[in-house]
Amino acid sequence: MHRIVLTIDRRGSRTHADDVEQMRAALTDRWARVLRSPIARFAGDELQLVTDDAIAAVHIALDLTRTRDWSVGVGVGAATLADDPAASTGPAFFAARRAVERAKPSPTRLAVAVDDAALEPGAEDVEAVLWLLVALRDRRSKEGWEVVDLLERVATQREVADELGISASAVSARAVAAGLRIESVGVATVEGMLMRLTGGADA
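Residues numbered from 1 in each chain as written. Predicted model: local features only at pLDDT ≥ 70, side-chain atom pairs only at ≥ 80, totals over all residues. Heavy atoms only, no water.

Colleague: I would appreciate a short explanation of the packing of helix α5 (residues 142–151) against helix α7 (residues 168–178) in the present structure.
Modeller: Between two packed helices, what matters for the description is the angle formed by their axes and the separation of those axes. Interaxial distance between α5 and α7 falls to 9 Å at its minimum, and their mutual angle equals 105°. When the interaxial angle is binned, α5 and α7 end up roughly perpendicular. Of α7, the residues touching α5 (which contributes E143, G144, E146 and V147) are V171, R174 and A178. Tallied by class, the residues present in the contact of α5 with α7 amount to three nonpolar, one polar and three charged. (Axes fitted to C-alpha atoms, helices over the stretch in contact; angles between N-to-C directions. Helix = DSSP H or I, 4+ residues; strand = E, 2+ residues; numbered from the N terminus. Parallel < 35°, antiparallel > 145°, perpendicular 65-115°, else oblique. Contact = heavy atoms within 4.5 Å. Nonpolar A, V, L, I, M, F, W, Y, C, P; charged D, E, K, R; others polar.)

Colleague: What's the story with the pairing of strand β1 (residues 3–10) in this structure? I'm lost.
Modeller: Strand residues, when the strand is regular, have side chains that alternate between the two faces of the sheet. For β1, a buried count of eight out of eight residues is recorded, marking the element as mostly surrounded by other parts of the structure. Here β1 shows two buried faces, one formed by R3, V5, T7 and D9 and the other by I4, L6, I8 and R10. In this sheet, strand β4 (residues 70–77) lies alongside β1 in antiparallel orientation, the contact comprising eight bridges. Within β4, the position partnered with R3 by the bridge is G77. Pairing geometry for β1 and strand β3 (residues 46–51), over six bridges, is antiparallel. Of the residues in β3, the one forming a bridge with L6 is L49. (Buried < 20%, exposed > 50% of the residue type's maximum accessible area, 1.4 Å probe, protein only. Pairing = 2+ DSSP bridges.)

Colleague: Would you explain the pairing of β4 in this entry?
Modeller: Of all eight residues in β4, eight are buried; the element is thus mostly enclosed. Of the two faces of β4, the one lined by W70, V72, V74 and V76 and the one lined by S71, G73, G75 and G77 are each fully buried. In this structure, β4 lies alongside strand β5 (residues 110–114), joined through five bridges in parallel fashion. Bridging across to β5, V76 finds its partner in V114. Remark: the β4/helix α3 (residues 91–103)/β5 crossover connection has left-handed handedness. (Right-handed = clockwise from strand over helix to strand, strands pointing away.)

See the structure below:
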C-alpha cells in the first residue's frame, strides 16, 4: 500500500506574519490520529505530513486551499519513515515535492503527483476532480460558507436556519447556490479515487 505525503508551502510568506507553526499545531490537533509521523517543518515556510488515510488527505488539501494562503502538493508512493520526520524519504516525498512546485503557480493552489508511470493516469484524474472542487469552493459566497460551516456542527438545515435567524427556504437556497450537493458527490468520488490510487481498501 502506498502512502500519501502532503507538502504544504505558505504563499506570500514575505508579506505575511509567520503563521506556519500555528498551522502545524492546528493540523496536528485535528489530524494526529491519521498521521504516520509528526509534521515536519522545513525552511521556506514549508510543512510536510504523511498519512495512509485518503479521506483525511482530501479534507486536509481542501481545507488548506480554502484560505488561498497555502500551496498543496499531494504525493503518492512508497515512503520510508525515520524517527526524525525531516529524514523520511522515498518516492512519495519526491512526488509531493514535484507536486507542490506545480501547485505554486496554479490557480487552484493544488497538484497531485506519483513516482510510478503506471499510476500517472489515476493521479491525473484525482488532480482533475480536486481542481473542480477547488474551483467550486472558490466561487462560494460568504453566506454560502456560513451555511457550510454551521452544517459541520448541527444536523439539519432547520437548525442552521434557527442559528442564523432566517427561514429554512433561505438556507436551502444558500445551500444550492453554494453547491453543497455537488461538492458532497465530488468529495466522495475523489476520496474513492485516491484510495484506489494508494492501493487501499477500495482498490
